[in-house]
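Observations on the three-dimensional arrangement
Now for the letters of each chain:
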Amino acid sequence: MITDPIADYLTRVRNAIKANHRIVEVPSSNIKKEITKVLHDQGYIQNYKFDDDGLHQGIIKIALKYNPRTKSSAIMDITRVSKPGLRKYVGAESLPRVLNGLGIAILSTSKGVITDKKARELNIGGEVLCYVY
């Protein structure tokens with residue numbers, strides 16, 4: 001039984017990067033789909049595909065992005081911040097900056113799952129899901 005599906009998602013991606021896999025498959029949910037879209041929009045993953053059938057949960061297939069010359073991943077680290085035992089909420093005035101703006105923080109807000117930069121533009125806060133750099 002998985003108590004934190006988002007942490008499981010992030011761990012699967014992290015493990016696939018360490019093993020130099022090209023594609024990772026993750027069980028699907030709406031929040032995971034939104035996190036995947038944000039990662040793709042920010043250029044951390046190459047591509048993604050949602051395989052949903054009506055009967056089962058569905059799968060997200062993520063194509064990871066690597067530098068062709070150095071073979072290093074676009075994602076250096078991906079860290080869970082808000083956990084089920086200790087949620088981390090921030091206001092619009094105290095949004096986190098990851099590596100002084102080089103990374104992103106993914107937030108769950110009233111406007112959906114967005115990055116810290118977009119939350120600053122909209123002047124809203126929310127729950128900090130993870131840091132990516």
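The structure this text deals with has already been given above.
Because the structure is a prediction, the values reported are computed rather than measured.

Quick notes on the rules
- Residues numbered from 1 in each chain as written.
- Predicted model: local features only at pLDDT ≥ 70, side-chain atom pairs only at ≥ 80, totals over all residues.
- Heavy atoms only, no water.
- Phe/Tyr/Trp six-rings, centres within 6.5 Å; stacked < 30°, edge-to-face > 60°.
- Lys NZ or Arg CZ within 6 Å of the ring centre and 35° of its normal.
- Pairing = 2+ DSSP bridges.
- Helix = DSSP H or I, 4+ residues; strand = E, 2+ residues; numbered from the N terminus.
- Axes fitted to C-alpha atoms, helices over the stretch in contact; angles between N-to-C directions.
- Contact = heavy atoms within 4.5 Å.
- Buried < 20%, exposed > 50% of the residue type's maximum accessible area, 1.4 Å probe, protein only.
- Salt bridge = Lys/Arg side-chain N within 4 Å of Asp/Glu carboxyl O.

Here the structure, examined in full by the defined rule, presents one aromatic pair. Over the ring of F50 we find K33; its NZ or CZ atom is 5.5 Å from the centre of that ring.

What the three strands build is an open sheet, ordered 1-3-2; its pairing is antiparallel. Pairing within the sheet leaves two strands with one partner each, and these edge strands are strand 1 (23-27) and strand 2 (45-51). Sheet twist, expressed as the mean angle between neighbouring strand axes with direction ignored, is 20°. Both strand 2 and strand 3 (residues 59-64) contribute to a ladder of six bridges, which runs antiparallel. When the sheet's bridge partners are listed, N47 is paired in strand 3 with A63. Here helix 1 (residues 5-18) sits on the sheet and contacts strand 1 and strand 3; the angle it forms with strand 1, its principal contact strand, is near 165°. Lying on the sheet, helix 2 (residues 30-41) is in contact with strand 1, strand 2 and strand 3; it crosses strand 2 at an angle near 155°.

Turning our attention to unusual backbone geometry. One non-glycine residue, L99, lies in the positive phi region at around 50°. You can see L99 is positioned in the loop between strand 5 (89-90) and strand 6 (104-109). A positive phi angle is found at N123, which is not glycine, with a value near 55°. With respect to the secondary-structure elements, N123 resides in the loop between helix 3 (116-122) and strand 8 (126-132). Look at N123 and you get exposed, because its relative accessible area is 56%.

Bringing the pattern of salt bridges into the picture now. Two side chains that carry opposite charge are able to pair once their charged atoms sit near each other. All chains considered together, the criterion is met by nine salt bridges. A salt bridge links E25 to K61; its shortest N-O distance comes to 3.9 Å. Of this pair, E25 sits in strand 1 while K61 sits in strand 3; the two residues are 36 residues apart in sequence, bridging distant segments of the chain. In this structure K61 comes out as partly exposed when scored by relative accessible area, which is 30%. A salt bridge links K37 to E34, with the nearest nitrogen and oxygen atoms 3.5 Å apart.

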